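Tertiary structure, described
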Amino acid sequence: MSEEKKLAHNESMKIESNYLRGTLAEGLADTSTGGLTEDEQQLLKFHGCYLQDDRDIRAGRRKNKLEKAFSFLIRVRVPGGVATPAQWIKMDNLADDYANGTIKLTTRQAFQLHGVIKTQLKKTIQEINAAAMDTIAACGDVNRNVMCNPNPFLSEAHAEILKISQEISDHLTPATKAYHEIWLDGDKVESTAEEVEPIYGKTYLPRKFKIAVAVPPSNDVDIHANDLSFVAIVENSKVVGYNVAVGGGMGMTHGAPETYPRLADIIGFCTPEQVVDVSEKVLLVQRDFGDRTNRKHARLKYTIDDRSAEWFLERLNEYLGYDLEPAREFKFEHNGDRFGWVEDHEGDFHLNLFIEGGRVRDRARTGLRKIAEIHEGDFRLTGNQNLIIAKVSAAKRPEVEALLEEYGLLKSHEQSALRLNSIACVSLPTCGLALAEAERALPGVVTDLENVLEDCGLRHDAITIRMTGCPNGCGRPFLSEIAFVGRSPGKYNLYLGGGHAGDRLNKLYREAVTREEILTILTPIIRDYAKSREEGEKFGDFVIRAGYVAATIQGLDFHANLKAGATRT
Ligand code: SRM
Ligand code: SF4
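Scope of this entry: the structure provided in the associated data block. In this text the structure is predicted, and so the values were computed from the model without any measurement.

Conventions and cut-offs
Residues numbered from 1 in each chain as written. Chains lettered and ligands numbered in written order. Predicted model: local features only at pLDDT ≥ 70, side-chain atom pairs only at ≥ 80, totals over all residues. Heavy atoms only, no water. Core = buried A, V, L, I, M, F, W, Y, C linked by side-chain atoms within 4.5 Å. Buried < 20%, exposed > 50% of the residue type's maximum accessible area, 1.4 Å probe, protein only. Helix = DSSP H or I, 4+ residues; strand = E, 2+ residues; numbered from the N terminus. Contact = heavy atoms within 4.5 Å. Expected span 1.5 Å × (residues − 1). Salt bridge = Lys/Arg side-chain N within 4 Å of Asp/Glu carboxyl O. Phe/Tyr/Trp six-rings, centres within 6.5 Å; stacked < 30°, edge-to-face > 60°. Lys NZ or Arg CZ within 6 Å of the ring centre and 35° of its normal. Axes fitted to C-alpha atoms, helices over the stretch in contact; angles between N-to-C directions. Parallel < 35°, antiparallel > 145°, perpendicular 65-115°, else oblique. Left-handed = near helix turned anticlockwise from the far one by under 90°. Nonpolar A, V, L, I, M, F, W, Y, C, P; charged D, E, K, R; others polar. Near = heavy atom within 4 Å. Pairing = 2+ DSSP bridges. Donors = N, O, S within 2.8 Å, 3.2 Å for Na, K, Ca; no water. Polar contact = N/O pair within 3.5 Å; in protein donor to acceptor, adjacent residues only side chain to side chain.

Counting 97 residues, the largest nonpolar core has W88, F111, F230, Y242, F312 and L368 as its most contacted members. Take this core: its biggest share by element is six residues, from helix α9 (residues 275-289). Ignoring any residue separated from it by four or fewer positions in sequence, one finds F230 in contact with I168, I211, A212, V213, A214, Y242, N243, V244, C270, V275, V278 and S279. Formed by 36 residues, the second largest nonpolar core is a distinct cluster that contains L449, L458, F484 and A546.

Encoded structure:
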């Protein structure tokens, strides 16, 4: 990082905030507006909330000279995605009492509530905490919700990785008492001299930081979208250690080729005992070397690309005081969920349900609440916005199934394989950064494509398909076989050729296509795939072999495909 460059404004804001306090308490108490100042909004993120407004009615309110229809998004951290039935019921209550009547299951195994108004924000956060959940560090320049494969009861390996994810999460949670003071009426710290952030320091990280733990062959946590990942190496059902991957990420900006999605580099292997230490030290290298002058260049992926993965490994080994071992062999086969019932080695059952767009609403919400009221196991949020009803005993299963049947959930996973492998980010109307629809548009696009797939005999062939309202990449679009990335209202960039296991970036195939053009463009490619694919060949591999798009390599090349004119004649 060049010393002459001016630090980003957020850096001084963090220093002056006195460990994330700033004027947040005063801003929240000000009832003359439903909003907050710009700095308060930035600080609020560290506490797990975003100021938003209802974009469906923004223009009308502007015309009538009214303040935007402000409300808050609250993100609830759920390390490893595990929630008890009591916590589920609490989220369900809060959805009705303070939010917009829905629960959103996110792509990082967390809960979100949308539409909470300022005067009810504190009360809502207090109730979340009373249910032994919290929102601190769900957003902001800190480590976010730690993801892990959500099926811990299937083998001892899964139980181990859940434990390790929780340990990483606990270790990297900010130490500031600001959260307790502001939201939970905790005692005020009298002097800042008393307070330290032992890991982060006063300026926290240059940008957000994301960690995931995967168990091959499943890459359901999409390690290549994370700053740091641990890939469990399992021998005889025991985790002998973890490969360490660094520098993955999705976010980019249209028209700014210096920003791009990036696959993580696998740089070594560590033992289970070293995982928390490695997490801390990777985070510290990024804390010390990440770019604090340009927030669009501040993620670990750019720190590594600016210097090299070898440089990063040397620094990391220095910080650790020991060397990572060489990485071990492993293979991912998919990054989607495995739906339906499975039985574990203890004789309990787990049901992976499909929740379209991760949005729990209406009848499905009532059904899941009824299940929570009788459920003796727990709930697991998956990284694909779906839900596992976990640890159902053989005796309890008929009761759970009767409720699933009554509320139309029993066959939720009997959809086309395309739909089951779809992800849409939230986008409109709540997301302030959305350029086009996503959660509200993808189901219809999938329906159109299903007709073509059905016709070609491909209904049961899993193809990953993702849509986001902008190129920030919250639905991890650049890792899917088909992706639509919002450009402007009703228009998307179409990407093809991601790896089915989330291990290869896709490539831009067409720019600014309309909703109507999507079907026209994709129909012949799907037909070609049905006719010309090789035995077992995945759609993402086929479109590269058939010359629709070039295989992607890293970095600036991501934007090169269209210019190279790689389209099939
Ligand atoms: Fe995200 C910003 C929603 C996962 C990359 N993301 C946002 C905000 C908060 C918009 C904002 O800053 O005002 C969105 C709120 C929309 C809303 O109304 O709810 C938002 N992101 C989401 C969620 C809810 C999408 C979903 O439909 O599930 C996911 C919440 C995850 C969680 O529980 O923590 C979500 N966001 C992701 C992911 C996927 C992942 O982490 O696996 C990514 C790509 C991975 C990565 O970070 O590189 C992602 N979100 C971003 C970015 C781009 C970051 C970058 O490095 O450029 C932004 C914008 C930013 O930070 O400036 C963003
Ligand atoms: Fe909003 Fe863009 Fe993220 Fe979608 S990808 S939720 S539109 S920031």
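So that's the structure; there's more coming.
Quick look at helix α15 (residues 442-455) now. For α15, spanning 14 residues, the distance from its first C-alpha to its last is 20 Å, which sits close to the expected 20 Å at 1.5 Å a residue. Within α15, burial applies to L442, V445, V446, L449, E450, V452 and L453. Of the residues flanking the end of α15, it is G457, one or two places downstream, whose phi is positive at about 75°.

To continue, consider the pattern of salt bridges. In the structure shown here, the tally under the stated rule is 48 salt bridges. Residues D277 and K281 are paired through a salt bridge, measuring 2.5 Å at the closest nitrogen-oxygen approach. A residue pair is termed a helical-turn pair when its members lie 3 or 4 positions apart in one helix, as D277 and K281 do in helix α9 at four residues. The class for K281 is buried, based on a relative accessible area of 14%. A single salt-bridge network, built from bridges that share partners, covers E11, K14, D141, R292 and R295.

With that settled, the discussion passes to the packing of aromatic side chains. Counted by the stated rule, this structure contains 18 aromatic pairs. Ring-pair connections join several aromatic residues into one group, and the members of that group are Y509, Y529, F539, F542 and Y548. Above the ring of Y529, the side-chain terminus of R533 is found at 5.0 Å from the ring centroid.

Next up on the list: the packing of α15 against helix α16 (residues 515-532). Two quantities define a packed helix pair, namely the angle between the axes and the distance from one axis to the other. Relative to each other, α15 and α16 sit at 25°, their axes nearing to 10 Å. As summarised for this structure, α15 and α16 are arranged roughly parallel, according to the angle between their axes. The element α15 and its partner α16 pack so that their crossing is right-handed. Along its contact with α15, which presents G444, V445, D448, L449, V452, L453 and D455, the element α16 presents R515, I518, L519, L522, T523, I526 and R527. Partitioning the contact of α15 with α16 into residue classes produces eight nonpolar, two polar and four charged.

Moving on: the site of ligand 2. The local shell around ligand 2 consists of C425, S427, C431, L433, A434, T468, G469, C470, N472, G473 and C474. Here the residues of the shell around ligand 2 sort into six nonpolar, five polar and no charged.

Both strand β11 (residues 340-343) and strand β12 (residues 349-353) contribute to a ladder of four bridges, which runs antiparallel. For W341, the partnering residue across the bridge sits in β12 and is L351. Once β11 ends, the chain turns through five residues before running back antiparallel as β12, passing G347 with a positive phi of about 85°.

For the rest of this paragraph, the subject is the coordination of the iron atom of ligand 1. For the iron atom of ligand 1, the protein supplies a single donor, C474 (SG), at a distance of 2.3 Å. For C474, the location among the structural elements is in the loop between β17 (465-468) and β18 (482-488).

The next subject is the site of ligand 1. Around ligand 1, a shell composed of 30 residues is seen, among which T106, H114, T430, C474 and R476 lie nearest. Within the side chain of R108, one N or O atom sits 2.9 Å away from an oxygen atom of ligand 1. Within the backbone of M250, an N or O atom sits 2.7 Å from an oxygen atom of ligand 1. Counting residues per element, the ones that place at least two in the shell around ligand 1 are β1 (49-53), β2 (70-76) and β5 (111-116). For the shell around ligand 1, a count of residues per class yields 11 nonpolar, 11 polar and eight charged.

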